[in-house]
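Coordinate inspection notes
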Amino acid sequence: MQQKPTSADKTWSGRFSEPVAELVKRYTASVEFDRRLAEFDIQGSLAHAAMLEACGIIQAGDRAAIRSGLAQILEEIRAGQFEWLLDLEDVHLNIEKRLTAIVGEAGKRLHTARSRNDQVATDVRLWLRASVDQIAGLIEGLQAALLDLAERHADTVMPGFTHLQVAQPVTFGHHLMAYFEMLKRDGERMRDCRKRINRLPLGAAALAGTSYPIDREMVARELGFDGVCENSLDAVSDRDFAIEFSAAAALVMTHLSRLSEELILWMSPRVGFIDIADRFCTGSSIMPQKKNPDVPELVRGKTGRVTGHLMALLTLMKSQPLAYNKDNQEDKEPLFDTVDTLVATLRIYADMMGGITVKPEAMRQAAFQGYATATDLADYLVKKGLPFRDAHEVVALAVRHAEGKRCDLSELELDALRAFSPLIGDDVYAVLTLEGSLNSRDHIGGTAPAQVRAAIQRGRQYLATF
Ligand code: ARG
């Protein structure tokens, strides 16, 4: 931050008898972070100026000057040559002052029928809309990576868990497709909150509207908004669209945090279901043998900060009287960090899915160990006429017996099994195999490999609609 503007440059100098204290200036300024909105601020100003001219509020010459001045400023910003001044508080005043320095009088007319209150709300909405579109695309990219991995493992058997205890066999493809579904809802949430982001606050001015004959619909069209915010007080003050987005973002992170937890568990040598490519892991500075799943661990950790940002925004809003309050300046950093964290996480995750090596033998062994087909035996007995509750008890006794023998149900002799129920015949072994168990769950949403393939097929069709 450099050269101080002269007192004539001060936006509200007339009203004040002493300059703002240095510390206060630094405390209240937002330019260090809101300069990130610059391109959207310029976009908004161009649309505003076009409308002012169309409505006869400024002259064509002024609008032309504003347009060329803003184009030059955009170039300066992109080239890294723009001088951002802390004294000018925020992105809006920095750009406006520079515009006036370049084009003179016309630059001073740009702020007619506008306030920074409706201006900043517009900028944030434009920026967030672009971010949501980017994030929705990245979610789809990760979904495509999940489909690829799931397709390779539509038949790979693994233990399915409840309470982290072996429950029933599932396929690894089926397990991955559960995350596909979560991400599908996440993508829907993004696209849904976009509708409420995509409304134009400009025209609300400071809080009450403006006395100029403006055309808000025109500005909305120019900027690609679906319509205007219909109450000026609401337009400048609420940030619910940002909160809603943050909630959707926190859910994406929460889903990825769960997947991360599983990847970490699966990669632990004690479990050994998968390996993660070296480029996503690091070693230890002291233990030469270590290979740590840093990326999933960090995703799990960063979920906390995104959820924290959601809490920050909710808290920011909860006690604000209408309309705009400076509190709202605090919406930006949590929002920016949420988007940055989510974008980086989704990118790296899609790549990491391609870097997973599956160890089918270890998965099969684990599925074999926890009496994962016990429910199948109960179902078998039910199909032979036994009520389910009785079948449940028969199988519980059989499992206890097998446990004593340290073997699987499928390893018990037919006679041993028949001791628990005379309904058991030698066709029982077909249902006690892992494959028999998988194949029998053959309905939409079930883990039968044929159903997993069908789900993957539907997933590909779904992604093709974007
Ligand atoms: N930097 C401010 C913000 O981010 C812009 C709006 C300031 N408006 C005001 N009346 N002080 O919210």
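Conventions used here
Chains are numbered independently. Their residues run from 1 in the order of the written sequence. Owing to the predicted nature of the model, reporting of local features is limited to residues with pLDDT of at least 70; listing and counting of side-chain atom pairs is limited to 80 or more, with chain, interface and lining totals taken over all residues. Excluding hydrogens and water, the side-chain values take into account all heavy atoms of the structure. Runs of H or I in DSSP of at least four residues are treated as helices and runs of E of at least two as strands, each being numbered from the N terminus. As a reference, a globule follows 2.2 Å times the number of residues to the power 0.38, and the radius of gyration itself is taken over C-alpha atoms. In this scheme, a residue with accessible area under 20% of its type's maximum is buried, one over 50% is exposed, and one in between is partly exposed, where area comes from a 1.4 Å probe on protein chains only. Residue contacts follow a heavy-atom distance rule, with two residues in contact if any of their heavy atoms lie within 4.5 Å. For accessible areas, the Shrake-Rupley method is used with a probe of radius 1.4 Å. Any residue's cover is judged against the shown protein chains and nothing else. Here the positive residues are Lys and Arg and the negative ones are Asp and Glu; neither His nor the chain ends is included. Charged side chains are reduced to one point each, which is NZ for Lys, CZ for Arg, CG for Asp and CD for Glu. For this description, a residue counts as near a given molecule or strand if any of its non-hydrogen atoms is within 4 Å of it. Nitrogen and oxygen atoms within 3.5 Å of one another constitute a polar contact, given that in protein one can donate a hydrogen and the other can accept it, and given that sequence-neighbouring residues count only through two side-chain atoms. A pair of strands is treated as paired once DSSP finds two or more bridges between them. Working rule for helices: expected span equals 1.5 Å times residues minus one. Nonpolar cores are built from buried Ala, Val, Leu, Ile, Met, Phe, Trp, Tyr and Cys residues. Side-chain atoms within 4.5 Å join them into one set. Just to be clear on terms, a salt bridge is a Lys or Arg side-chain nitrogen sitting within 4 Å of an Asp or Glu carboxyl oxygen. The definitions used throughout rest on a 1 Å grid laid over the protein atoms alone, on which a cavity is an enclosed set of points accommodating a 1.4 Å probe that cannot get out and a pocket is an open set flanked by protein within 12 Å on both sides along at least five of seven lines; lining residues are those having an atom within 4 Å of a point. Grid points are joined across faces, edges and corners, and a volume is the space filled by probe spheres set on the points. Residue classes follow a fixed rule: Ala, Val, Leu, Ile, Met, Phe, Trp, Tyr, Cys and Pro count as nonpolar, while Asp, Glu, Lys and Arg count as charged, and any other residue, Gly among them, counts as polar. For every element, the axis is a line fit to its C-alpha atoms; helices are fit only across the contacting stretch, and the angle between N-to-C directions ranges from 0 to 180 degrees. For classification, angles of less than 35 degrees are called roughly parallel, those exceeding 145 degrees roughly antiparallel, those between 65 and 115 degrees roughly perpendicular, and all remaining angles oblique. Working rule for handedness: look at the near helix, and if it is turned counterclockwise from the far one by less than a right angle, call the crossing left-handed; if clockwise, right-handed.

1. A look at the overall build of the chain
The helix and strand inventory of the chain stands at 20 helices and six strands. Its C-alpha radius of gyration of 31 Å places the chain more than 25% over the 23 Å reference for a compact globule of 466 residues. The principal-axis extent of the C-alpha atoms belonging to the chain is close to 100 × 55 × 40 Å. Scored against the burial criterion, the 466 residues of the chain give a buried share of 50%. Considering only residue pairs separated by 6 or more positions, the chain has 75% of its internal contacts joining residues 24 or more positions apart. Total accessible area on the chain is roughly 22,300 Å²; 52% of this is exposed by carbon and sulfur atoms. Of note, the chain has its 55 positive side-chain charges centred 1 Å away from the centre of its 64 negative side-chain charges.

2. Details of the site of the ligand
Within the structure, the ligand sits among Ser30, Asp34, Asp90, His92, Arg116, Asn117, Val120, Tyr324, Gln329 and Lys332. Within the contact set of the ligand, a nitrogen atom lies 3.1 Å away from a side-chain nitrogen or oxygen of Asp90. When isolated, the ligand has an accessible area of 350 Å², and the protein chains bury 86% of it. Per-element accounting of the shell around the ligand gives the leading share, three residues, to helix 7 (residues 116–152).

3. Brief notes about the pairing of strand 2 (residues 165–171)
In this structure, strand 1 (residues 157–162) lies alongside strand 2, joined through six bridges in antiparallel fashion. Bridging from a neighbouring strand, Gly160 pairs with Gln168 of strand 2. What sits between strand 1 and strand 2 in their antiparallel hairpin is a turn of two residues, with His163 showing a positive phi close to 55 degrees.

4. What about helix 3 (residues 38–54)?
Helix length check: helix 3, at 17 residues, gives a terminal C-alpha distance of 24 Å against a target of 24 Å (1.5 Å per residue), a fit within 8%. Extensive coverage of helix 3 is indicated by the burial of 12 of its 17 residues. Considered for burial, the residues of helix 3 that qualify are Ala38, Phe40, Asp41, Ile42, Gly44, Ser45, Ala47, His48, Ala49, Ala50, Met51 and Leu52. Close packing links the buried residues of helix 3 with helix 2 (31–34), helix 4 (60–78), helix 5 (91–103), helix 6 (105–109), helix 7 and helix 9 (216–222). In the stretch just after helix 3, Gly56 is the one whose phi turns positive, near 75 degrees.

5. Here's the deal with the side chain of Ser260
Position of Ser260 relative to the elements: it lies in helix 11 (residues 240–267). A distance of 2.7 Å separates a polar side-chain atom of Ser260 from the backbone oxygen of Leu256. Side-chain polar atoms of Ser260 contact the side chain of Tyr349, separated by 2.9 Å. The residues contacting Ser260, other than those within four sequence positions of it, are Pro296, Val299, Arg300 and Tyr349.

6. Structural notes on the nonpolar core
In terms of nonpolar packing, the biggest core is built from 109 residues, with Ile95, Met190, Phe245, Leu263, Ile274 and Met353 touching the most fellow members. Ranked by residue count, the leading element in this core is helix 7, at 15 residues. When neighbours within four sequence positions are excluded, Ile274 is seen to be in contact with Phe172, Leu263, Trp266, Met267, Ile356, Thr357, Val358, Lys359 and Met363. Counting 20 residues, the second largest nonpolar core, distinct from the first, contains Ala374, Leu381, Cys407 and Leu432.

7. Re the pattern of salt bridges
Scanning the model with the defined rule gives 31 salt bridges in all. One salt bridge connects Glu39 with Arg78, and the closest N-O pair in it is separated by 2.8 Å. With Glu39 in helix 3 and Arg78 in helix 4, this pair connects stretches of sequence that are 39 residues apart. A relative accessible area of 33% places Glu39 in the partly exposed class. Here Arg460 ties to Asp148 by a salt bridge, and the two come within 3.0 Å at their closest N and O atoms. You can see Arg460 sitting in helix 20 (residues 449–464) and its partner Asp148 sitting in helix 7, a full 312 residues away along the chain. Note on Asp148: relative accessible area 36%, which makes it partly exposed.

8. Comments concerning the side chain of Asp408
Summarising the element assignment, Asp408 is placed in the loop between helix 16 (388–405) and helix 17 (414–418). Despite its burial, Asp408 pairs with no opposite charge; the closest candidate is Arg364, at 9.6 Å N-O. Among the polar contacts listed, one links the side chain of Asp408 to the side chain of Ser410, at a separation of 2.7 Å. For Asp408, the contacting residues outside a window of four places in its chain are Phe368, Tyr371 and Ala402.

9. Observations regarding the environment of Leu397
In this structure, Leu397 sits in helix 16. Once the C-alpha coordinates of Leu397 and Met51 are considered, the two residues, 346 residues apart in sequence, prove to be 80 Å apart.

10. Focus: the layout of surface pockets
Size it by volume and the largest pocket reaches roughly 550 Å³. If you trace the largest pocket, you find 21 residues lining it, with Gly160, Phe161, His175, Glu262 and Trp266 closest to the centre. Among the elements of the structure, strand 1, strand 2, helix 8 (172–197) and helix 11 are those that each provide at least two residues to the lining of the largest pocket. Class assignment of the residues belonging to the lining of the largest pocket gives a composition of 12 nonpolar, five polar and four charged.

11. Describing the packing of helix 3 against helix 5
Where helix 3 contacts helix 5, the axes come no closer than 10 Å and their chain directions differ by 60 degrees. It follows from the interaxial angle that helix 3 and helix 5 lie oblique. Relative to helix 5, the crossing made by helix 3 is right-handed. Within the contact between the two elements, helix 3 uses Ala38, Asp41 and Ile42 and helix 5 uses Val91, His92 and Ile95. The residue inventory of the contact of helix 3 with helix 5, partitioned by class, reads four nonpolar, one polar and one charged.

That's the geometry; what it means functionally is another story.
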